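If you want the building blocks of each chain, they are given just below.
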Amino acid sequence: MTASRSRRPLLLLDVDGPLNPFGRQPGPCAERYASHMLRPRNWVERHGGVIEEAPALRVDLNPAHGPALTALGCELVWATTWMDQANAMIGPVLGLPRLPFIDWGDALFSPDPAGLHWKTRAVVAYAAGRPFAWIDDEIEASDRDWVAAECGPSVLLHAVSDEVGLTDDDFTVIQAWVQEF
Ligand SMILES: [Mg+2]
């Protein structure tokens, strides 16, 4: 890739769904997922606020996803409720370096007045005009329509099933988009 670092497209990445397919059926899986019992801050706060007393959250991660994401050549950014905790708990399992993250602030879980996903406006604001792909299990047609009107054709909103997580087919779609730049 010849583009300079600052001109690389952004890849804004959700955790729960694309990386942690929490809707996955139990049983044998062809992919190399391993389960991790974690206590992220948001989870602990929803379970009494005391880390020693909160139940652990099972998070299934596929270590092959880290190298595959890196190979895309994008500037990776966490776009997840894990925020900076993705750097402590998710990135190391996948072999990813410390990444920037979107701090949702007051937008976190706040209903959107136009019915968009609560992340959508914050994602567009973070990108600030740069080309970006947003990978998330909760993207809907209304988000795509709004972002296309705001940003034009240089964006990719790609929904990933929370039952299977990122697949080779998803990477093929993202790679095809990256090659536009
Ligand atoms: Mg998600």
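Residues numbered from 1 in each chain as written. Predicted model: local features only at pLDDT ≥ 70, side-chain atom pairs only at ≥ 80, totals over all residues. Heavy atoms only, no water.

Of regular secondary structure, the protein chain possesses seven helices and six strands. Traced from its N-terminal end to its C-terminal end, the protein chain shows the element sequence β-β-α-β-α-β-α-α-α-β-α-β-α. By the compact-globule yardstick of 16 Å for 181 residues, the protein chain fits well, its C-alpha radius of gyration being 16 Å. For the protein chain, the residues scored as buried account for 46% of the 181 residues in total. Counting only contacts in the protein chain whose residues sit at least 6 apart along the sequence, the fraction spanning at least 24 positions is 63%. Distance from the positive charge centre (14 side chains) to the negative charge centre (25 side chains) of the protein chain: 7 Å. (Helix = DSSP H or I, 4+ residues; strand = E, 2+ residues; numbered from the N terminus. Rg over C-alpha atoms; globule rule 2.2 N^0.38 Å. Buried < 20%, exposed > 50% of the residue type's maximum accessible area, 1.4 Å probe, protein only. Contact = heavy atoms within 4.5 Å. Lys, Arg positive; Asp, Glu negative; His and termini not counted. Charge placed at Lys NZ, Arg CZ, Asp CG, Glu CD.)

For the structure shown, the criterion picks out three aromatic pairs. Here the aromatic rings of tryptophan 104 and tryptophan 118 are separated by 5.1 Å at their centres, their planes lie at 80°, and the arrangement is edge-to-face. Here tryptophan 104, found in the loop between α4 (91-94) and α5 (120-127), pairs with tryptophan 118, found in the loop between α4 and α5; they are 14 residues apart in sequence, far enough to count as distant. You can call tryptophan 104 buried: its relative accessible area is 4%. With a centroid separation of 4.9 Å and an interplanar angle of 65°, the aromatic rings of tryptophan 177 and phenylalanine 181 are classed as edge-to-face. Here phenylalanine 181 falls in the partly exposed class, since its relative accessible area comes to 38%. (Phe/Tyr/Trp six-rings, centres within 6.5 Å; stacked < 30°, edge-to-face > 60°.)

Attention now moves to the environment of valine 147. Among the structural elements, valine 147 can be located in helix α6 (residues 141-151). Along the chain, valine 147 and leucine 116 lie 31 residues apart, while their C-alpha atoms are 9.9 Å from each other. Leave out the neighbours within four places in its chain, and valine 147 touches Thr120, Val124, Phe132, Gly152, Val155 and Leu157.

Turning to the coordination of the magnesium ion, a few remarks are in order. For a metal bound by four donors in tetrahedral geometry, the ideal donor-metal-donor angle is 109.5 degrees, whereas six donors in octahedral geometry ideally sit at 90 or 180 degrees. With distances of 2.1 Å, the protein atoms coordinating the magnesium ion are Asp14 (OD), Asp16 (O) and Asp137 (OD). When the donor residues of the magnesium ion are listed from N- to C-terminus, their spacing reads D-x1-D-x120-D. Pair noted here: aspartate 14 is in the loop between β1 (10-13) and β2 (34-38) and aspartate 137 is in the loop between β5 (132-136) and α6, with a separation of 123 residues, a long-range link. Assessed through its relative accessible area of 4%, aspartate 14 is described here as buried. (Donors = N, O, S within 2.8 Å, 3.2 Å for Na, K, Ca; no water.)

Looking now at the packing of α5 against α6. Where α5 contacts α6, the axes come no closer than 11 Å and their chain directions differ by 30°. Relative to α6, α5 is oriented roughly parallel. As for how α5 packs across α6, the hand of that crossing is right-handed. Along the contact surface, α5 presents Thr120, Arg121 and Val124, while α6 presents Asp143, Trp146, Val147 and Cys151. A class-by-class count of the residues in the contact of α5 with α6 yields four nonpolar, one polar and two charged. (Axes fitted to C-alpha atoms, helices over the stretch in contact; angles between N-to-C directions. Parallel < 35°, antiparallel > 145°, perpendicular 65-115°, else oblique. Left-handed = near helix turned anticlockwise from the far one by under 90°. Nonpolar A, V, L, I, M, F, W, Y, C, P; charged D, E, K, R; others polar.)

The set of residues buried in α5 consists of Thr120, Ala122, Val123, Val124 and Ala127. Elements that come into contact with the buried residues of α5 comprise β1, β5 and α6.

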